[in-house]
Amino acid sequence: QAHSAWLAAGRVGTIAAGTGFGKSRVAIIEIERMLLDAKLTVQDYDTECILLVTPTEKLRDENWPKEFDDWNMTDVAEKYVKAICFASLKKELGKKYKLVILDEIHRLTDMSAAAFISTGEDVLTTFMAENLSEAVMGLTATVPDVKRDPDKARIIAQIAPVVFTYS
C-alpha cells in the first residue's frame, strides 16, 4: 500500500511509518520495479543511477547494506546505488539520478545544501529540482509537527510531501 501510494503521487513523496514497518523494503520494492520495467538497464550498469542519502555513516555502511542483503539485492545495490550521508549532498550538485531515497528525511536540514546555492534561495528545493530527473522517496518514522518544527515540516512538504502514513 505504501509503495502504491507513492507511485500514485507521481513517484515523489515520503513514506511515514513507525520503526519496523518496512520503509526500507518499500524503497527496495521500487528498485525491483525499476529493474522489471527496464528503468534500470545495461547502459546504466555501474553508473550509480540511484542515490541513497542517510543522516549517518552507520545507516549508510551497516544498516542499508544489511537491508539489501536481506532481500537478495546486494548485487543490484553495488551496480546501481550510490550511498552518501546528508553532509555530502553538496558534492552531488548537477548530477542526475533516476531515484533519490532520503532515509530519515526528517533529519535533512537547509545546511545540508547551503554551501552551493545563492543566499535567499530555498536551498533544498533548488538542489533537489536540479538533481532529480525522475523520483524522490523520503522515509521517516518521525513526521515533524508544523507548529513545533516548521522548518523541518517545510522541507518535507517541498521535497517529498507525505503520501502514506501508518502509525
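Definitions and limits used
Residues numbered from 1 in each chain as written. Predicted model: local features only at pLDDT ≥ 70, side-chain atom pairs only at ≥ 80, totals over all residues. Heavy atoms only, no water. pLDDT = per-residue confidence, 0-100. Helix = DSSP H or I, 4+ residues; strand = E, 2+ residues; numbered from the N terminus. Contact = heavy atoms within 4.5 Å. Axes fitted to C-alpha atoms, helices over the stretch in contact; angles between N-to-C directions. Parallel < 35°, antiparallel > 145°, perpendicular 65-115°, else oblique. Left-handed = near helix turned anticlockwise from the far one by under 90°. Nonpolar A, V, L, I, M, F, W, Y, C, P; charged D, E, K, R; others polar.

**Q** Explain the confidence of the model for the chain here, please?
**A** Caution applies to low-pLDDT regions: their predicted coordinates should not be interpreted in detail. When the pLDDT values of the chain are averaged, the result is 83; 80% of them are 70 or greater. At the level of individual helices and strands, the chain shows its lowest average pLDDT in helix 5 (residues 123-131), which scores 59, and its highest in helix 3 (residues 57-70), which scores 95. Every residue in residues 113-118 is under pLDDT 50, and counting partners more than four places away or in other chains gives 12 contacts.

**Q** Any chance you could explain the packing of helix 2 (residues 23-36) against helix 3 here in plain terms?
**A** Geometrically, a packed helix pair is captured by the angle between its two axes and the distance between the axes. With their axes 11 Å apart at the nearest point, helix 2 and helix 3 run at an angle of 55 degrees to one another. Taken together, helix 2 and helix 3 sit at an angle that is classed as oblique. When you trace helix 2 past helix 3, the crossing you get is right-handed. Packed against helix 2, whose contacting residues are Ser24, Arg25, Ala27, Ile28 and Ile31, the element helix 3 presents Trp64, Glu67 and Phe68 at the interface. Here the residues of the contact of helix 2 with helix 3 sort into 5 nonpolar, 1 polar and 2 charged.

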